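# Chains, contacts and geometry: an overview
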Amino acid sequence: ALQRSRQDLSHCESAEEATRTELDQHMAAEVGLRQQLEYEETKRLHMQQDLDQALSSKATMEESWRDTESSLRERQEAVEKFEASLQEFRGAQANEAAKMSTLEASLQGSQATEEVRAAASLEREDILKSSIEDEQR
């Protein structure tokens, strides 16, 4: 019976040793899995930071794009206003040119009228001189 108890004890010790070895292997695997989990979590955090940064950059670019579009619209409006002002100026310039032409024509007409009047006046003077000379003779 003692022999049998010793065999049972030896068998139990062997089983305990095998269980301890298996437990150590499981614990080592658990440590490895925890390290892998920490690595994956760190990797996930970095990816989240990259994503957050990309979203922030996207928002900044979208805002910049909206500012650029707004600036382009303002510039387009300024160009359109300038073109309208230029058209008004050209119209006013054409009106002034027409007025100048009318004034020049009127002046030329006045000068022609004055020349006719002067010629008529000279002719009257000549006739008057001729009449006076005829009377004096």
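Located above this text is the structure these notes cover.
Below: a short report on this structure.

Within the protein chain one finds 1 helix and 0 strands. Considered along the principal axes of its C-alpha atoms, the protein chain spans approximately 195 × 15 × 10 Å. Of all 137 residues assigned to the protein chain, the portion counted as buried reaches 0%. When the accessible area of the protein chain is evaluated, it comes to approximately 12700 Å², of which 55% is carbon and sulfur surface. Between the mean site of the 17 positive side-chain charges and the mean site of the 31 negative ones, the protein chain shows a separation of 3 Å.

Together, Glu 74, Glu 77, Glu 80 and Glu 83 make up a region of like negative charge exposed at the surface. One can find Glu 83 in helix H1 (residues 2-136).

The next subject is the pattern of salt bridges. Any two side chains of opposite charge can pair, so long as their charged atoms come close to each other. A full pass over the atoms with the stated rule returns 6 salt bridges. Residue Lys 99 pairs with Glu 96 through a salt bridge whose shortest N-O separation is 3.7 Å. Taken as a pair, Lys 99 and Glu 96 lie in helix H1 at a separation of 3 residues, close to a single helical turn. The partner of Arg 117 in a salt bridge is Glu 114, and the shortest N-O contact between them spans 3.2 Å. Residue Arg 117 and its partner Glu 114 are located together in helix H1, separated by 3 residues, close to a single helical turn. Overall, the relative accessible area of 53% leaves Arg 117 in the exposed class.

Thresholds, definitions, all that
For every chain, the first residue of the written sequence is number 1, and numbering continues from 1 onward in sequence order. Confidence filtering applies because this is a predicted model: local features only for residues at pLDDT of at least 70, side-chain atom pairs given and counted only at 80 or more, and all residues used for totals across whole chains, interfaces and linings. Side-chain calculation: all heavy atoms of the structure are included, whereas hydrogens and water are not. In this text, helices come from DSSP runs of H or I with a minimum length of four residues, and strands from runs of E with a minimum of two, each type numbered from the N-terminal end. Accessibility here uses a 1.4 Å probe with only protein chains present; expressed as a share of the type maximum, an area under 20% marks a residue as buried, one over 50% as exposed, and anything in between as partly exposed. Each accessible area value is a Shrake-Rupley result obtained with a 1.4 Å probe; residue values ignore everything except the protein chains displayed when judging cover. By the counting rule applied here, Lys and Arg register as positive and Asp and Glu as negative, while His and the ends of each chain are not counted. Note that the charge is assigned to NZ on lysines, CZ on arginines, CG on aspartates and CD on glutamates. Patch membership is restricted to residues that have no salt bridge and whose relative accessible area is over 30%. Joining uses 9 Å for like charges and 5 Å for the nonpolar side chains Val, Leu, Ile, Met, Phe, Trp and Tyr. Throughout this description, the term salt bridge denotes a Lys or Arg side-chain nitrogen within 4 Å of a carboxyl oxygen of Asp or Glu.

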